[in-house]
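# Summary of structural features
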Amino acid sequence: MDRSEIVHNNFLSRVTAGDWPELASPVSLQEAGLSPEALTDIFHSQVLSRHLDRVSRQLQARGEGYYTIGSSGHEGNAALASAFRPTDMAFLHYRDAAFQIARARQVPGETPLWDMLLSFVTSTEDPISGGRHKVLGSKRLFIPPQTSTIASHLPKAVGAAYSIGTANRLNPEHRQLPHDAVVVCSFGDASLNHSTAQGAINTAGWTAFQGVPLPLVFVCEDNGIGISTRTPTGWVAANLQNRPGIKYFGCNGLDPVETYAVAKEAADWCRRRRRPVALHMKCVRLYGHAGADMQAAYMSKQQIEAEEAMDPLLHTGARLVSTGILDNQGVLDIYTSVNARVERAAEQAIKRPRLKTAEQVMASLVPGPRPCRTDNGPSEEDRSECFGVSDIRAMDKPQHMAKQINLALSDLMLAHNDLVMAGEDIGRKGGVYGVTQKLQQRFGSGRVIDTLLDEQSILGLAIGMAHNGFVAIPEIQFLAYLHNAEDQVRGEAATLSFFSNRQYTNPMVIRIAGLGYQRGFGGHFHNDNSLAVLRDIPGVIMACPSNGADAVQMLRTCIRLAREEQRIVAFVEPIALYMTRDLHEEGDGLWTSPYPQPGHGTPIELDSVGIHLPVKGEGKDLAIVSYANGYYRARQAAKVLEEDHGISCRVIDIRWLSPLPAKALIEATTECRNVLIVDECRRTGSQSEQLMTLFTEHGTHNLARLTAEDCFIPTGPSYAATLPSKESITDAALSLVGKQIKNQRANNQGAKKQGGKK
Ligand SMILES: Cc1ncc(C[n+]2csc(CCOP(=O)(O)OP(=O)(O)O)c2C)c(N)n1
Ligand SMILES: [Mg+2]
């Protein structure tokens, strides 16, 4: 028999016989401040959660439901939820259905039973994911959906908690959380060991240790096991009890009264002091890990039965009966009537429509636009105060890319009070390359945040702040360090709109200093030349400018895309070009330009490419398609090709690496007799693969690519040995054009011969 049926029958027979467990806690209702109605309410939520689990297993067995990770044994969550306000944003563990149900009972007009059933049967009417996953979550209940890697929601919970204080100062237009809200974040005992969890807890402590407000309640739901691996006895308490900056509370989640009392104390403490709390809640896990998990493979029958005997519903029943709120029959009545209601509703839910086409599934991948206050750019007064009049005049002098990005960031921060920046060393130092110099002086340490050294926390901060109306500009100091934290983009940020049917979004512009060619500062960590990790994430935009003026315009577009269209953008800055001034010869200053003041210059929109035409001719012999350092070198090569070889060559700057501006690329090259792709990233996995495919599918002939070798980048004089150079681009172009001329001759001769035969 399915264990859920065994637990069900145990409950019925023990309640009928009045075989109640001993009270798990001496705390009385009065001491807990819990009214009889409130306890009955908690029981209702617990019972509903239990029956939803049972029914979801039945539906799965019938092929009508999918994925049945359950909440049974964790129903203490209902008492937990009752201790918080429904506007305290909750990032929940997957076993927290009872939390969501109890919260729904705090809000008029909610229909948690129906909503959750729609999610179980993946109906398009599921109010959270629109039928994309069985997932907890609700926009109205401040519960963002969570279906992902273990512990990956903790960093954003830290970010959301941090955002409350910042929102109280800046009041961003799209603010969500009240000024005195706290954030709840729950997870399992095995998840506590994940480096992401440890990192987030450390970040919370580090923040609070300095007296910075961080109203966050971490809840570790300790059922003593993670799938089949036992958590050592006492480990969770030992791990959480002595964390600097974090206050520890513990409760027995089997007993709703103690759970409520302790959770209330923890929530109140956190709300009052604006400091993080770790609440350790004991639970049991009934029916194994998830649908197909056979507990018998790793637990003895006695162990399984001992867990089942600790059923929290029996404990709540015992409380209700021992306090005279209900008698045995009253407990049974609630249990059986809710059961009947759930079963009836389930039969209706399975008839509701499901997603069918790829188009329907994909409809929520990219968030929708949102109305934003009219943007007139920063005012003249604000700019004069921020920069000083002489500095504004100096902006008309030619500037390199690092300076231009710095000015653009300043103007954007001036124009929009919902922008915040965060990263390692971006504040006082102004970034490793000075790109963020003076920004902290201008906007304060609350908007230009020097973070601790943890990329997951930096990206989590951005995600969490976006949940409260901010658009963060997190910085990853070097591209190689993104890999430590890529799940925060891939598994978390990028999936949020998809799994919430566009209701939750986390717009941001991630600035990443990257790519190769740094002379004298080397090694692959500082010269990482692979962007593959960002290219295949659905919905994420990747921008990569090659020069200062473009960087400014593209950054402005990226911020607009994030603020107004709620997009996630990676803005990759080629480090080696930050300070580059000259193109062809020393002192020519061709890689500098005046800073385009806000509202000036030509905007660079998504899907557009840059086209550089030769001085003479129309550049139809050859198009070199490249970006960043490759584009810069291609421009050098183009001059040689024109002047020394008479090849009329245009150079195309791709600018937007994902999604590729396919149409613009085809249009820009269509008149050209040859196309050479120059990609400074590694041959395997680089953009060049997609570009070759694009042009081949389009039918472009005479196509070749020059890429970096499949190798890491060394330090020392050979720093650029594996990368495309002006010389290698020139050679590749000559060989391609030469080949084309040969082919043409061969074709002409072939045609003549054929003509002769006729
Ligand atoms: C990063 C990552 N690794 C592994 C998994 C697979 N996995 C899902 S749940 C789970 C066990 C979690 O146990 P615990 O945190 O104790 O929560 P419980 O299921 O016991 O409530 C594992 C290993 C995952 N989802 N994410
Ligand atoms: Mg566990």
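One can find the structure itself at the top, above this paragraph.
## Some thoughts on the pattern of salt bridges
Within the structure shown, the criterion is met by 31 salt bridges. Glu 5 is paired through a salt bridge with Arg 54; the nearest N and O atoms lie 3.1 Å apart. Here Glu 5 is found in helix α1 (residues 3-17), whereas its partner Arg 54 is found in helix α3 (residues 36-61), with 49 residues between them in sequence. The class of Glu 5 is partly exposed, set by a relative accessible area of 22%. Residue class for Arg 54 comes out buried when judged on its relative accessible area of 3%.

## Comments concerning helix α15 (residues 380-387)
All buried positions along α15 are accounted for by Arg 383, Cys 386 and Phe 387. For α15, the angular spread of the buried residues around the axis is 75°, confining them to a single face. Pointing more than 90 degrees away from the buried face of α15 are the exposed residues Glu 381 and Glu 385. Each element contacted by the buried residues of α15 is listed here: α16 (389-394), α17 (401-415) and α18 (439-443). Following α15 by one or two positions, Gly 388 adopts a phi angle in the positive range, close to 90°.

## Thoughts on a negative patch on the surface
Among the surface-exposed residues, Glu 380, Glu 381, Asp 382 and Glu 385 lie close enough to one another that they form a single negatively charged patch. When you line up the elements, Glu 385 lands in helix α15.

## Comments concerning the coordination of the magnesium ion (ligand 2)
Listed as protein donors to the magnesium ion (ligand 2) are Asp 189 (OD), Asn 223 (OD1) and Ile 225 (O); their distances from the metal cover 2.0 to 2.1 Å. All donors to the magnesium ion (ligand 2) come from one chain, and their sequence spacing reads D-x33-N-x1-I. In this pair, Asp 189 sits in the loop between β2 (183-188) and α8 (195-209) while Ile 225 sits in strand β4 (residues 225-226), placing the two residues 36 residues apart along the sequence. Grouping residues by exposure puts Asp 189 and Ile 225 together as buried.

## Considerations on the side chain of Thr 196
Position of Thr 196 among the secondary structure elements: in helix α8. Judged by its relative accessible area of 6%, Thr 196 is buried. A distance of 3.3 Å separates the side chain of Thr 196 from the side chain of Gln 456, its partner in a polar contact. Leaving out residues up to four positions away in the same chain, Thr 196 has contacts with Ala 151, Ser 152, Pro 155, Gln 456 and Gln 488.

## What to know about the environment of Arg 3
Tracing the backbone through its elements, the reader meets Arg 3 in helix α1. Residues Arg 3 and Glu 305, spaced 302 residues apart in sequence, show a C-alpha to C-alpha distance of 9.8 Å. In this structure Arg 3 touches Tyr 287, Gln 295, Ile 304, Glu 305 and Glu 308, once residues within four positions along its chain are discounted.

Parameters and conventions
- Residues numbered from 1 in each chain as written.
- Chains lettered and ligands numbered in written order.
- Predicted model: local features only at pLDDT ≥ 70, side-chain atom pairs only at ≥ 80, totals over all residues.
- Heavy atoms only, no water.
- Salt bridge = Lys/Arg side-chain N within 4 Å of Asp/Glu carboxyl O.
- Helix = DSSP H or I, 4+ residues; strand = E, 2+ residues; numbered from the N terminus.
- Buried < 20%, exposed > 50% of the residue type's maximum accessible area, 1.4 Å probe, protein only.
- Arc of directions from axis to C-beta.
- Contact = heavy atoms within 4.5 Å.
- Patch = residues over 30% accessible without salt bridge, like charges linked within 9 Å, V, L, I, M, F, W, Y side chains within 5 Å.
- Areas by Shrake-Rupley, 256 points an atom, 1.4 Å probe, with all protein chains shown as cover.
- Lys, Arg positive; Asp, Glu negative; His and termini not counted.
- Charge placed at Lys NZ, Arg CZ, Asp CG, Glu CD.
- Donors = N, O, S within 2.8 Å, 3.2 Å for Na, K, Ca; no water.
- Polar contact = N/O pair within 3.5 Å; in protein donor to acceptor, adjacent residues only side chain to side chain.

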